[in-house]
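Each chain is listed here by its residues.
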Amino acid sequence: MIDYTEKIPNNVDLGRDRVLQRALEHWQPAYMSWWYDAGPTESHNYEVYLRTAITVEPDGWAKFGYVRMPEYRWGIFLQPRNAGRAINFGTHRGDPAWQEVPGEYRSTLRRVIVTQGDTEPASVEQQRMLGMCCPSLYDLRNIFQVNVEEGRHLWAMVYLLHRYFGRDGREEAEALLERRSGDVDNPRILGAFNEPTPDWLAFYMFTFFTDRDGKFQLSALAESGFDPLARTCRFMLTEEAHHMFVGETGVSRILQRTCEVMREHKVETPGDVRALGVIDLETMQKYLNFHYSVTIDLFGSDASSNAATYYTTGLKGRYDETKIADDHVLADEVYPVFEVVGNKIVERKVPALTALNERLRDDYIHEIQAGVDRWNRVIENAGISFRLRLPHKGFHRAIGNFAGHFISPDGEVLTKEAWQNHERDWLSAPEDHAFVQSLMTGRVVDPGKFANWIAPPIRGINGQPLNFEYVRFN
Ligand SMILES: [Fe+2]
Ligand SMILES: [Fe+2]
């Protein structure tokens, strides 16, 4: 069980380490001022029907109730330690998992933790204005749930920095509260986390695509030989599932509503669809193209010596590492990556160790494709022939072998000019954003009501009805 009588709820026996406890209690007010400054706007007095973790057991781990978000009990929860756990890959394979940071990997590990930690507050910052134009109380509650849990994920990483990295760690923990998404002088570390999330369609796409990048990164870190990191990430994954659910069902509900309106009014062209106050399927495809391409950049370069080092040293594994049947060292393996040669995309086999980013990206794409297939079923069931599809992996990339090339969604290598001539067919333009935002000028807050552009969900949260008062504004 988690001890909520403590100032900082935790299951790591924080009270036994007074120095660490004081350091974190010192960071806590700085975190709160970050929340007031960069968290959901105008939300501080709302009472929100939120879940709060009460144990780290997979079943029944959360309780639901009304909480004012600034009073949410952010805390430090690690999956319990498995005393026999070994390192499962790389040159230290078979050794007991590390309970302390190996000196030679200290700075690499710190970098990994800071990079993961930086994404958590970034997404809260990106989403902070969306409560002002929510499509329902149900959705408003969901975005707030995502926000408080991303805040908790920051706590999870900051705990590791404070507990294991001394003064450097404390400085990094402060810097995590100082960077801001999209800030020209002090931006967040990774590109996709500096993009604006200006409307609810972008929010659902973000939680479907980008939170799922989080899932894959956390899964790879949950394999880490550094046991406290592995245990922290395991518990974060429990919370992450809901974020991706919000994204997938959000997009699905928009598709459903659009299709209903298209069928009812027998319209097909984007202009006619928009005139009825719902989002046309072409615009959905453009948003998908954008969020997919900026998110697969997050996995890094196709061939990366850093990725090889992380693996060989036992710091970051593969997705489902322990379920893969191979030698878990990969010294003699190869893996296919793609590169542009002249006007063709060619496959090249590279050492598997250097291709671990690409492999994780491919695992991610596999799961994403299944989600897109589920979206397409909604369209198909409505009897509409349009299908969403993932663009080619090389489309609109800024990192890796495709960066600097102009690849169409079909995977053709184009000239810059030819690509730009089509850009508006493939990516949303300012007028597309303006249209989407024109549907979201105010918020829908009557219990049980939903904005015209989105269908209600199938069921409410925690067995509550759809017309439940998920947020009280006071
Ligand atoms: Fe997170
Ligand atoms: Fe998340």
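Use the structure listed above.
Residues numbered from 1 in each chain as written. Chains lettered and ligands numbered in written order. Predicted model: local features only at pLDDT ≥ 70, side-chain atom pairs only at ≥ 80, totals over all residues. Heavy atoms only, no water.

Caption draft 1: View of the coordination of the iron ion (ligand 1). Distances from the iron ion (ligand 1) to its protein donors, Glu120 (OE), Glu150 (OE) and His153 (ND1), fall within 2.0 to 2.2 Å. All donors of the iron ion (ligand 1) belong to a single chain; written as a sequence motif, their spacing is E-x29-E-x2-H. Here the iron ion (ligand 1) and the iron ion (ligand 2) are spaced 3.5 Å apart, linked through Glu150, which binds each one. Linking Glu150 with His153, this pair stays in helix 3 (residues 137-164), spanning three residues, or about one helical turn. Classification of His153 by relative accessible area gives buried; the value is 0%. (Donors = N, O, S within 2.8 Å, 3.2 Å for Na, K, Ca; no water. Helix = DSSP H or I, 4+ residues; strand = E, 2+ residues; numbered from the N terminus. Buried < 20%, exposed > 50% of the residue type's maximum accessible area, 1.4 Å probe, protein only.)

Caption draft 2: Molecular detail of the pattern of salt bridges. Following the criterion strictly, the structure yields 34 salt bridges and no others. Taking the shortest distance from any N to any O, the salt bridge between Arg85 and Asp227 comes out at 2.8 Å. With Arg85 in the loop between strand 2 (62-68) and helix 2 (106-126) and Asp227 in helix 6 (residues 227-265), this residue pair connects regions lying 142 residues apart in the sequence. Asp227 matches Arg85 in its accessibility class, with the two residues each being buried. Among the ionic pairs, Arg318 bridges to Glu321, the shortest N-O distance being 2.7 Å. Residue Arg318 is classed as buried on the basis of its relative accessible area, which comes to 3%. (Salt bridge = Lys/Arg side-chain N within 4 Å of Asp/Glu carboxyl O.)

Caption draft 3: Just the packing of helix 6 against helix 10 (residues 356-381), in detail. Contact geometry for helix 6 and helix 10: axes closest at 9 Å, N-to-C directions at 20 degrees. Of the possible angle classes, the one that applies to helix 6 and helix 10 is roughly parallel. Helix-helix and strand crossings are classified by hand; for helix 6 and helix 10 the assignment is right-handed. Counting all contacts with helix 6, which are made through Glu248, Val251, Ser252, Leu255, Gln256, Cys259 and Arg263, the residues of helix 10 involved are Gly371, Arg374, Trp375, Val378, Ile379 and Asn381. When its residues are assigned to classes, the contact of helix 6 with helix 10 shows six nonpolar, four polar and three charged. (Axes fitted to C-alpha atoms, helices over the stretch in contact; angles between N-to-C directions. Parallel < 35°, antiparallel > 145°, perpendicular 65-115°, else oblique. Left-handed = near helix turned anticlockwise from the far one by under 90°. Contact = heavy atoms within 4.5 Å. Nonpolar A, V, L, I, M, F, W, Y, C, P; charged D, E, K, R; others polar.)

Caption draft 4: Highlighting the coordination of the iron ion (ligand 2). Looking at the iron ion (ligand 2), the protein donor atoms are Glu150 (OE), Asp211 (OD), Glu240 (OE) and His243 (ND1), and they sit 1.7 to 2.2 Å from it. In this structure, the iron ion (ligand 2) is coordinated by four donor atoms arranged in irregular fashion, with angles at the metal of 90 to 171 degrees. Every donor residue of the iron ion (ligand 2) comes from the same chain, spaced as E-x60-D-x28-E-x2-H. (Tetrahedral: all angles 85-135°; square planar, octahedral: opposite > 155°, others 65-115°.)

Caption draft 5: Here's a closer look at the packing of helix 8 (residues 281-297) against helix 10. Where helix 8 contacts helix 10, the two axes come as close as 12 Å, and the packing angle between them is 170 degrees. Our classification of the angle between helix 8 and helix 10 gives roughly antiparallel. Crossing of helix 8 over helix 10 shows right-handed handedness. When helix 8 is examined against helix 10, the residues Leu281, Leu288, Tyr292, Thr295, Ile296 and Asp297 are found in contact with a partner set consisting of Arg361, Tyr364, Ile365, Ile368, Val372, Trp375 and Ile379. Of the residues contributing to the contact of helix 8 with helix 10, the split by class is 10 nonpolar, one polar and two charged.

Caption draft 6: Examining the sheet that holds strand 7 (residues 471-472) more closely. Spatial strand order, 2-1-7: three strands in an open sheet with antiparallel pairing. Strand pairing shows two members of the sheet lacking a second neighbour, strand 2 and strand 7, which therefore form its edges. (Pairing = 2+ DSSP bridges.)

Caption draft 7: Examining the side chain of Gln145 more closely. Mapped onto the fold, Gln145 is located in helix 3. A relative accessible area of 0% means that Gln145 is categorised as buried. Side chain to side chain, Gln145 and Arg141 meet in a polar contact 2.6 Å long. (Polar contact = N/O pair within 3.5 Å; in protein donor to acceptor, adjacent residues only side chain to side chain.)

Caption draft 8: Geometry of the pairing of strand 1 (residues 47-53). Of all the seven residues making up strand 1, seven are buried; the element is thus mostly covered by neighbouring parts of the structure. Residues of strand 1 alternate between two faces, with Glu47, Tyr49, Arg51 and Ala53 on one and Val48, Leu50 and Thr52 on the opposite face, all of them buried. In the sheet, strand 1 pairs with strand 2 via seven bridges, with the strands oriented antiparallel. Following the sheet pairing, Tyr49 is matched in strand 2 by Tyr66. Two strands pair when backbone bridges link them, and strand 1 and strand 7 are joined in this way by two bridges, in the antiparallel orientation. Bridge pairing in strand 7 places Glu47 opposite Arg472.

Caption draft 9: Fine view of the nonpolar core. With 116 residues, the main nonpolar core has Tyr31, Trp200, Phe209 and Trp375 as its most contacted residues. No other element matches helix 3, which puts 16 residues into this core. Non-local contacts of Phe209, meaning those with residues more than four positions away in its chain, are made with Leu288, His291, Tyr292, Thr295, Tyr364, Ile368, Trp375 and Leu390. Core analysis: the next-biggest nonpolar cluster, separate from the first, contains 12 residues, Ala308, Leu330, Leu353 and Ala355 among them. (Core = buried A, V, L, I, M, F, W, Y, C linked by side-chain atoms within 4.5 Å.)

Caption draft 10: Representation of the side chain of Asn142 within the structure. With respect to the helices and strands, Asn142 occurs in helix 3. For Asn142, a relative accessible area of 2% puts it in the buried group.

Any functional reading would require information that these geometric values do not contain.
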